Amino acid sequence: MNLGVMGLGHVGLVTAVCFAEKGFKVYGMDKDKNRIENLKKKVLPFYEPGLKELLLKNFEKIHFISEIKELINNTDVIFLCVGTPPLPDGKADLSQVEDASREIAKNIDKYVLIVEKSTVPVKTAEWIKKTMKLYARKDVDFEVASNPEFLREGSAIKDFLEPDRIVVGVESERAQKIFEEIYRDFNAPIIFTDIETAEIIKHASNAFLATKISFINMIADLCEKTGADVMKVAEAMGLDKRIGREFLNAGIGYGGSCFPKDVKAFYRIGEEHGVDFNLLKCVDKINEQRIEKFVSKIKKVLWIIKDKVFAVWGLAFKPGTDDVREAPSLKIIKRIVEEKGICKVYDPYAMNNFKREFGENENVIYVSDLYEACKSSHAILILTEWDEFKNADFRKIKELMETPIIIDGRNCLDVEKIKELEFIYIPTGRKGCGF
Ligand code: UDX
């Protein structure tokens, strides 16, 4: 069986490479010819740990193409991995999914199984089917299925190859058998459901994880007001097996290409179906408030932002990736430059993406290492918890700074170590020192 992947973004490329690793011949298609040409030259469009190595290892098994005919002629199953970005009102923009369905429909002449892999609202498969019927020849047979991905950037390869579970929504035994064959070498439970259930599982999982984060951020605010320690609260709560410790790290909120968009899209789906999803509106609101709360911490210690120099450590929305989509860094730095502060920014991987996304600004200076950022600065702002920040030489850093202030938006430093060096340290939801 040959597998097709349509859309070679983060999800699509990881899917293509990992299926090749599992022994399948894969046809990866993208409309962006430039991207295809680069991939043929083994140049990846983004950074994902381990992806390049795995691509090189399986290069012979993957065909990078940009023609739909070639995809359809050579594959039996097509995974739709095209983008579903948010519209201004929060709903998912499904035009790429519609376009892909139409393209497939116009070109098929034999059975094909079309699989939704990108995150889509419940009932999208219904629309794919309707679209296929509208444009496909009446005598060709096709089916639609849902097989949502649960990949995290930074650990996408492991998440794909060693998943906690595999979710598959199908409508026939034939489709179920195909998936049993595709996933026969995976050591994970496969949950077969109807298509709507599979579609909801994906959105519900992301919305639940985002809820955990906003919940602990709300608790962090209370801890700050009362002198309690949110990290201890999370640790103790997390030991309850029903709760679990993961996704209880308080900070400046969730970013990335999934949580912000999926939470908004999910409560829009609730609204469309007359279901009150106010809980998720609060999750979203709490997350948006994290930015202003962080900025107010700067003001609490430095009073005025204008003309202050900030060493900004970390731009990626989380460590292990060069992605800055919806990263808190974009909003925090925007707020600082609006008030005429100066940001000397450093990130081990995400500098170029940040530059592209944020644009030129005379108050944003890109520096090549974390020490350079600290020279003559009034405060360090930690926005991504990269390991190199945790292991930095803080004795040296103190010498470089104008005023030794650290505002830690990710709680990644050891308070005791920092205290010894007499920094003013302001973490999130716990006691700092020197202030
Ligand atoms: C997420 C889901 O985890 C994944 O299953 C889905 O397929 C895509 O969306 P990803 O966006 O790559 O993955 O990142 P994730 O590791 O989930 O982190 C999302 C955001 O939440 C990051 O900004 C991170 O910093 C933040 N976060 C995470 C917290 O603020 N606290 C936590 O405890 C965990």
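Residues numbered from 1 in each chain as written. Predicted model: local features only at pLDDT ≥ 70, side-chain atom pairs only at ≥ 80, totals over all residues. Heavy atoms only, no water.

K.L.:
I tried to follow the environment of leucine 239 on my own but got confused; where do I start?
P.N.:
Looking at the element boundaries, leucine 239 is found in the loop between helix H10 (230-238) and helix H11 (259-272). A C-alpha to C-alpha distance of 17 Å links leucine 239 and phenylalanine 215, two positions 24 residues apart in sequence. (Helix = DSSP H or I, 4+ residues; strand = E, 2+ residues; numbered from the N terminus.)

K.L.:
Mind showing me how you'd approach the sheet that holds strand S12 (residues 379-382) here?
P.N.:
Adjacent strands of a sheet pair through backbone hydrogen bonds, lying either parallel or antiparallel. Sheet architecture is open: six strands sit in the order S11-S10-S9-S12-S13-S14, paired in parallel fashion. Of all the strands in the sheet, the pair left with one neighbour each is strand S11 (364-366) and strand S14 (424-426). Shown here is a sheet whose adjacent strand axes are inclined to one another by a mean of 20°, direction ignored. Across three bridges, the pairing between S12 and strand S13 (residues 405-408) is parallel. Within the sheet, the bridge partner assigned to leucine 381 lies in S13 and is isoleucine 407. Each of strand S9 (309-313), strand S10 (342-346), S11 and S12 is contacted by helix H13 (residues 328-338), which is oriented at about 155° to S10, the strand it contacts most. (Pairing = 2+ DSSP bridges. Axes fitted to C-alpha atoms, helices over the stretch in contact; angles between N-to-C directions. Contact = heavy atoms within 4.5 Å.)

K.L.:
What am I meant to see in the site of the ligand here?
P.N.:
What surrounds the ligand is a group of 19 residues, the closest being Glu153, Asn249, Gly255, Phe317 and Lys318. Take leucine 248: an N or O atom from its main chain is 3.3 Å from an oxygen atom of the ligand. In the environment of the ligand, an oxygen atom lies 3.3 Å from a nitrogen or oxygen atom belonging to the side chain of arginine 410. Against a free-state accessible area of 670 Å², the protein chains account for coverage of 93% of the ligand. The element that contributes the greatest number of residues to the shell around the ligand is helix H9 (residues 195-226), accounting for three residues. Its residues assigned to classes, the shell around the ligand shows nine nonpolar, four polar and six charged. (Near = heavy atom within 4 Å. Polar contact = N/O pair within 3.5 Å; in protein donor to acceptor, adjacent residues only side chain to side chain. Areas by Shrake-Rupley, 256 points an atom, 1.4 Å probe, with all protein chains shown as cover. Nonpolar A, V, L, I, M, F, W, Y, C, P; charged D, E, K, R; others polar.)

K.L.:
Quick question: what am I supposed to make of the packing of aromatic side chains here?
P.N.:
The geometry of an aromatic ring pair is captured by the separation of the ring centres together with the interplanar angle, meaning the angle of the planes. Enumeration according to the criterion identifies 19 aromatic pairs in this entry. Taken together, a centroid distance of 4.3 Å and an interplanar angle of 10° make the contact between tyrosine 47 and tyrosine 349 stacked. Residue tyrosine 47 is found in the loop between helix H2 (33-40) and helix H3 (51-57), and its partner tyrosine 349 is found in the loop between S10 and helix H14 (351-358); the two are separated by 302 residues along the sequence. For tyrosine 349, a relative accessible area of 42% corresponds to the partly exposed category. The interplanar angle of 15° and the centroid separation of 5.1 Å between the aromatic rings of phenylalanine 354 and phenylalanine 358 together place this pair among those described as stacked. Of this pair, phenylalanine 354 and phenylalanine 358 both sit in helix H14, separated by four residues, roughly a single helical turn. Both residues of the pair, phenylalanine 354 and phenylalanine 358, belong to the buried class. (Phe/Tyr/Trp six-rings, centres within 6.5 Å; stacked < 30°, edge-to-face > 60°. Buried < 20%, exposed > 50% of the residue type's maximum accessible area, 1.4 Å probe, protein only.)

K.L.:
Even after reading the chapter, I still don't get the packing of helix H12 (residues 278-302) against H13, so can you show me in this structure?
P.N.:
Close contact between H12 and H13 brings their axes to 10 Å; oriented N to C, the two are set at 45°. Between H12 and H13, the angle falls in the class oblique. Judged by the sense of rotation from one axis to the other, the crossing of H12 with H13 is right-handed. Along the contact surface, H12 presents Ile291, Glu292, Phe294, Val295, Ile298 and Lys299, while H13 presents Pro328, Lys331, Ile332, Arg335 and Ile336. (Parallel < 35°, antiparallel > 145°, perpendicular 65-115°, else oblique. Left-handed = near helix turned anticlockwise from the far one by under 90°.)

K.L.:
Any chance you could explain the packing of helix H5 (residues 95-107) against helix H6 (residues 124-135) here in plain terms?
P.N.:
Each pair of packed helices gets described by two things: the angle between the helix axes and the distance between those axes. As a packed pair, H5 and H6 sit with axes 8 Å apart at the nearest point and diverge in direction by 35°. Seen along the crossing, H5 lies across H6 with a hand that is right-handed. For the pair H5 and H6, contact is made by Val97, Glu98, Ser101, Arg102, Ile104, Ala105 and Lys106 and by Thr124, Ile128, Thr131, Met132 and Tyr135, respectively.

K.L.:
Whenever I open this one, unusual backbone geometry confuses me. Can you help?
P.N.:
Among all residues save glycine, negative phi is the norm, and among peptide bonds the norm is trans. For aspartate 307, which is not glycine, the phi torsion reads 70° and is therefore positive. As for its position among the elements, aspartate 307 is in the loop between H12 and S9. Phi at serine 376 takes a positive value of approximately 60°, unusual for a residue other than glycine. The topology assignment puts serine 376 in the loop between helix H15 (370-374) and S12.

K.L.:
How should the nonpolar core be read in this particular structure?
P.N.:
In a soluble, globular protein the nonpolar side chains are often hidden away together inside. Grouped together as the largest cluster of nonpolar side chains are 57 residues, with contacts concentrated most on Trp313, Ile333, Leu381, Phe394 and Ile397. Element by element, the count of residues in this core is highest for H12, at six residues. Core analysis: the next-biggest nonpolar cluster, separate from the first, contains 45 residues, Leu8, Val17, Cys81 and Ala156 among them. (Core = buried A, V, L, I, M, F, W, Y, C linked by side-chain atoms within 4.5 Å.)

K.L.:
Whenever I open this one, the domain arrangement of the chain confuses me. Can you help?
P.N.:
Quoted interface sizes are often the accessible area lost when the parts come together. Each domain of the chain was delimited in the assignment, giving domain 1 (2-193), domain 2 (203-282) and domain 3 (287-426). Summarising the inter-unit geometry, the C-alpha centres of domain 1 and domain 2 are found 29 Å apart. Taken together, the contacts link 15 residues of domain 1 with eleven residues of domain 2. Taking both partners together, domain 1 and domain 2 bury about 1,000 Å²; carbon and sulfur atoms supply 59% of that area. Taken together, domain 1 and domain 2 are joined by one salt bridge. Residues glutamate 272 and lysine 91 are paired through a salt bridge, measuring 3.7 Å at the closest nitrogen-oxygen approach. Linking domain 1 with domain 2 are four residue pairs in polar contact (both at pLDDT 80 or more), by the criterion used here. Tallied by class, the residues present in the side of domain 1 that touches domain 2 amount to seven nonpolar, three polar and five charged. (Domains from an automatic or database assignment. Buried area = accessible area lost by both parts, 1.4 Å probe. Salt bridge = Lys/Arg side-chain N within 4 Å of Asp/Glu carboxyl O.)

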